[in-house]
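# Secondary and tertiary structure notes
So you can see what is in the structure, the chains are spelled out below.
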Amino acid sequence: MTVYSNNKDFNKFIKNLIKNGEWSFHDNGNSKHPYLQYKSGCKMPVPRSPKGDAPALQNFKAAVRRIERDNAIQIFRQPGINSI
């Protein structure tokens, strides 16, 4: 089992993102922080030992959703895609 973060809640959330298939986890041995990469190429650092409070996890989730939302908006605005 891969451990993405020392916090069990972060670990569970990240595992679900990767299982979904739109995110991938990268942990280069030479980099300071591992990161999640969205299918569009956008990267987001993963905290190895985050604070154990609920706001830290909520902020992380909000940042992930913001990346997903912004990517969806960009796909919708591509030329050739009809808007409703």
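The present account deals with the structure reproduced in this document. (Residues numbered from 1 in each chain as written. Predicted model: local features only at pLDDT ≥ 70, side-chain atom pairs only at ≥ 80, totals over all residues. Heavy atoms only, no water.)

### Observations concerning the sheet that holds strand E3 (residues 43-45)
Each strand in a sheet pairs with its neighbour through backbone hydrogen bonds, running either in the same direction (parallel) or in the opposite one (antiparallel). Ordered by their spatial adjacency, 3 strands build an open sheet running E1-E2-E3, and the pairing between neighbours is antiparallel. The sheet is open, and its two edges are formed by strand E1 (23-26) and E3, each paired on a single side. Sheet twist, expressed as the mean angle between neighbouring strand axes with direction ignored, is 25 degrees. In this sheet, E3 lies alongside strand E2 (residues 35-38) in antiparallel orientation, the contact comprising 3 bridges. Opposite Tyr-35, over in E3, you have Pro-45 as the bridge partner. (Pairing = 2+ DSSP bridges. Helix = DSSP H or I, 4+ residues; strand = E, 2+ residues; numbered from the N terminus. Axes fitted to C-alpha atoms, helices over the stretch in contact; angles between N-to-C directions.)

### Section: helix H1 (residues 8-20)
Its 13 residues give H1 an end-to-end C-alpha distance of 18 Å, which sits within 8% of 18 Å, the value for a rise of 1.5 Å per residue. Listing the buried residues of H1 in full gives Phe-10, Asn-11, Phe-13, Ile-14 and Leu-17. Projected down its long axis, H1 carries its buried residues within an arc of 165 degrees, all on one side. For H1, the exposed residues lying more than 90 degrees away from the buried face are Lys-8, Lys-12 and Lys-19. The N-capping residue of H1, defined by a side-chain oxygen 2.8 Å from the backbone nitrogen of Asp-9, is Asn-7. Looking one or two residues past H1, Gly-21 carries a phi angle of roughly 100 degrees, positive in sign. (Expected span 1.5 Å × (residues − 1). Buried < 20%, exposed > 50% of the residue type's maximum accessible area, 1.4 Å probe, protein only. Arc of directions from axis to C-beta. Polar contact = N/O pair within 3.5 Å; in protein donor to acceptor, adjacent residues only side chain to side chain.)

Keep in mind these values describe shape, not function.
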